[in-house]
Amino acid sequence: MKNLIFLLFLSVACTCCRESPDQQKKKLMQTDLDFCRMAADKGIRDAFVCYSSDEVVMMRDGALPLFGKPALLKNFEKNTRKGVLLTWFPVKAEVSGDLGYTFGDWTMKIPGKDTTYYGNYVTIWKKQPDGSWKYVLDGGNSTPKP
């Protein structure tokens, strides 16, 4: 009887500790927003490196994809434009187990030019052992001005 009561208590405790699907989606959306905020505050390179998983795949418009964090770092070393402002806003998120995705719109402003580029993106995220999210695949495309 004691074992049955203990198992029932443990089952209820574990159920209460799990995040609901809506909570998981909100947390992933917030992670994507925090990622964007870091890109604006500390720079694109620092944000993309900080939020990437070690096994990241980065799809690039008009170029071959990058595989792994070392390739991502090397790419940022070669292609660093000062003052570029990249912002994005997730409009949708879904989570299933330890994987999730965000989809949204991005805007890029180039310094010294009166030019703004627009596009859409999709980012696939993987939940880490500590409960945080890191992106494992990121890609997007250019679009006309909204």
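Heads up: the structure comes first, above all this text.
Conventions we followed
- Residues numbered from 1 in each chain as written.
- Predicted model: local features only at pLDDT ≥ 70, side-chain atom pairs only at ≥ 80, totals over all residues.
- Heavy atoms only, no water.
- Helix = DSSP H or I, 4+ residues; strand = E, 2+ residues; numbered from the N terminus.
- Buried < 20%, exposed > 50% of the residue type's maximum accessible area, 1.4 Å probe, protein only.
- Contact = heavy atoms within 4.5 Å.
- Areas by Shrake-Rupley, 256 points an atom, 1.4 Å probe, with all protein chains shown as cover.
- Patch = residues over 30% accessible without salt bridge, like charges linked within 9 Å, V, L, I, M, F, W, Y side chains within 5 Å.
- Salt bridge = Lys/Arg side-chain N within 4 Å of Asp/Glu carboxyl O.
- 1 Å grid on protein atoms, 1.4 Å probe; cavity = no way out; pocket = protein on both sides within 12 Å on 5 of 7 lines; lining within 4 Å.
- Points joined across faces, edges and corners; volume = space filled by probe spheres on them.
- Phe/Tyr/Trp six-rings, centres within 6.5 Å; stacked < 30°, edge-to-face > 60°.
- Pairing = 2+ DSSP bridges.
- Axes fitted to C-alpha atoms, helices over the stretch in contact; angles between N-to-C directions.

Colleague: Mind showing me how you'd approach the overall build of the protein chain here?
Modeller: Helices and strands together make up the secondary structure of the protein chain, namely four helices and six strands. Moving toward the C terminus, one meets the helices and strands of the protein chain in the order α-α-α-β-β-α-β-β-β-β. The proportion of buried residues among the 146 residues of the protein chain is 33%. Taking all contacts inside the protein chain whose residues are at least 6 apart in sequence as the whole, residues at least 24 apart take part in 46%. Per element, the accessible surface of the protein chain, about 9700 Å² overall, is 60% carbon and sulfur.

Colleague: Looking at this structure, I do not really get a nonpolar patch on the surface. What am I missing?
Modeller: Taken together, the side chains of F89, V91, F103 and V122 present a nonpolar region at the surface, about 330 Å² in accessible area. Summarising the element assignment, V122 is placed in strand β5 (residues 116–127). For V122, a relative accessible area of 33% gives the class partly exposed.

Colleague: Would you explain the layout of surface pockets in this entry?
Modeller: Using a probe with the size of a water molecule, rolled over the atoms, empty space left in the structure can be pinpointed. There is about 1200 Å³ of room inside the largest pocket. I44, F48, F76, L86 and M108 are, among the 36 residues lining the largest pocket, the residues nearest its centre. The dominant element in the lining of the largest pocket, judged by the number of residues it contributes, is strand β6 (residues 133–143), at five residues.

Colleague: I'm lost on the packing of aromatic side chains in this one. Help?
Modeller: For any pair of aromatic rings, the description rests on two quantities: the centre-to-centre distance and the angle between the ring planes. Taken as a whole and judged by the stated rule, the model has nine aromatic pairs. Ring plane angle 65° and centroid distance 4.9 Å describe the contact between F35 and F48, whose orientation is recorded as edge-to-face. Of this pair, F35 sits in helix α2 (residues 21–42) while F48 sits in helix α3 (residues 44–50), and the two are 13 residues apart along the sequence. Centroid distance F35 to W88: 4.8 Å. Interplanar angle 70°. Geometry classified as edge-to-face. Here F35, found in helix α2, pairs with W88, found in strand β3 (residues 85–96); they are 53 residues apart in sequence, far enough to count as distant. By relative accessible area, which is 1% here, F35 ends up buried. Residue classification places W88 among the buried positions, given a relative accessible area of 9%.

Colleague: How do you make sense of the sheet that holds β5 when you look at a structure like this?
Modeller: What holds strands together in a sheet is hydrogen bonding between their backbones, with the strands either parallel or antiparallel. Strand order in this open sheet of six strands is β2-β1-β6-β5-β4-β3, and the pairing throughout is mixed. The sheet terminates laterally at β2 (63–67) and β3, the two strands that pair on one side only. With strand direction ignored, the average angle separating the axes of adjacent strands in the sheet is 15°. Strand contacts of α2: β3, β4 (99–109), β5 and β6, with the helix running at about 165° to β3, the strand carrying the most contacts.

Colleague: I would appreciate a short explanation of the environment of F89 in the present structure.
Modeller: Take F89: it is sitting in strand β3. When residues no more than four places from it in sequence are discounted, the contact partners of F89 are L33, F103, G104, D105 and Y121.

Colleague: How do you make sense of the environment of L66 when you look at a structure like this?
Modeller: Its place among the elements puts L66 in strand β2. A residue is classified by how much of its surface remains accessible, and L66, at 10% relative accessible area, is buried. Between the alpha carbons of L66 and L137 there is a distance of 9.7 Å; along the sequence they are 71 residues apart.

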